[in-house]
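Chain by chain, the residues:
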Amino acid sequence: DDAIYTRCTLCNGYFQQLKDTIEINENEQIPEKLKLKADTMQFWKCLKCGQIYWFGDKSKSEVEKFKRIFDEASLEIDKESKESKEKLKRRLLKQKQKAKYKKQKRMEENKDNDDNDKKVNEYEQPNYESDIGDLDDKLMLLPNLQRFFWEDVRLI
């Protein structure tokens, strides 16, 4: 509960706890009836503006209100977190099922293609694909090859 009193509500300055009963009794901001209880109460003074604070009935009700709000917010955050995790699990499961379906489809297509390849006539020439491409691309490479070899010949 004391951790709430760390900053001044007026200037946001830091607190220092007042422990000296003489200083407490001489301070005009503290009511006389509280000065009589100085041995049992805690007082804080803002180091920046000098405002005095103490933990009284109003403070206790504010702390309880803060705790209640914090607990409600914490429960709400936990609920939202669980919902987000569930949504993520469902989305990942859906993606996994989709990927599995695509893989099965590809396997079926490959099986169909393999079956079709087996049906090709034995007399037909198989169509091999070149890594270079079509004939025009190959012919364009010839001058480069000739130049390469010519440069090697000239160096010798």
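A brief look at the structure comes next. (Residues numbered from 1 in each chain as written. Predicted model: local features only at pLDDT ≥ 70, side-chain atom pairs only at ≥ 80, totals over all residues. Heavy atoms only, no water.)

1. Points about the state of the cysteines
Link 1 in the chain: Tallying each qualifying case throughout the model produces zero disulfides.
Link 2 in the chain: In this model Cys-11 remains outside any disulfide bridge; the closest cysteine sulfur is found in Cys-46, 3.4 Å from its own.
Link 3 in the chain: Cys-11 gets classed as partly exposed once you look at its relative accessible area, which sits at 23%. (Disulfide = S-S within 2.5 Å. Buried < 20%, exposed > 50% of the residue type's maximum accessible area, 1.4 Å probe, protein only.)

2. A short note on the side chain of Lys-35
Link 1 in the chain: Take Lys-35: it is sitting in helix α2 (residues 32-35).
Link 2 in the chain: Of the polar contacts made by the side chain of Lys-35, one reaches the backbone oxygen of Asn-25; its length is 3.0 Å.
Link 3 in the chain: Beyond its immediate sequence surroundings of up to four residues, Lys-35 is in contact with Ile-24, Asn-25, Glu-26, Asn-27 and Ile-30. (Helix = DSSP H or I, 4+ residues; strand = E, 2+ residues; numbered from the N terminus. Polar contact = N/O pair within 3.5 Å; in protein donor to acceptor, adjacent residues only side chain to side chain. Contact = heavy atoms within 4.5 Å.)

3. Description of a negative patch on the surface
Link 1 in the chain: On the surface, a cluster of negative charge is made up of Asp-71, Glu-72, Glu-76, Glu-80 and Glu-83.
Link 2 in the chain: Along the chain, the position of Glu-72 falls in helix α3 (residues 57-118).
Link 3 in the chain: Classification of Glu-72 by relative accessible area gives partly exposed; the value is 48%. (Patch = residues over 30% accessible without salt bridge, like charges linked within 9 Å, V, L, I, M, F, W, Y side chains within 5 Å. Areas by Shrake-Rupley, 256 points an atom, 1.4 Å probe, with all protein chains shown as cover. Salt bridge = Lys/Arg side-chain N within 4 Å of Asp/Glu carboxyl O. Lys, Arg positive; Asp, Glu negative; His and termini not counted. Charge placed at Lys NZ, Arg CZ, Asp CG, Glu CD.)

4. Details of the packing of aromatic side chains
Link 1 in the chain: If you walk through the whole model with that rule in mind, you get three aromatic pairs.
Link 2 in the chain: Relative to Tyr-53, the ring of Phe-15 lies with its centre 4.8 Å away and its plane at 50 degrees, an arrangement referred to as tilted. Here Phe-15 is found in strand β1 (residues 15-18), whereas its partner Tyr-53 is found in strand β3 (residues 52-54), with 38 residues between them in sequence.
Link 3 in the chain: Lying over the aromatic face of Tyr-14, Arg-7 brings its terminal NZ or CZ to 3.9 Å of the ring centre. (Phe/Tyr/Trp six-rings, centres within 6.5 Å; stacked < 30°, edge-to-face > 60°. Lys NZ or Arg CZ within 6 Å of the ring centre and 35° of its normal.)

5. Structural notes on the pattern of salt bridges
Link 1 in the chain: In the structure shown here, the tally under the stated rule is two salt bridges.
Link 2 in the chain: A salt bridge links Lys-35 to Glu-32; the nearest nitrogen and oxygen atoms lie 3.3 Å apart. One end of the pair, Lys-35, and the other, Glu-32, are both in helix α2, three residues apart, so they sit about a helical turn from each other.
Link 3 in the chain: For Lys-35, a relative accessible area of 11% gives the class buried.

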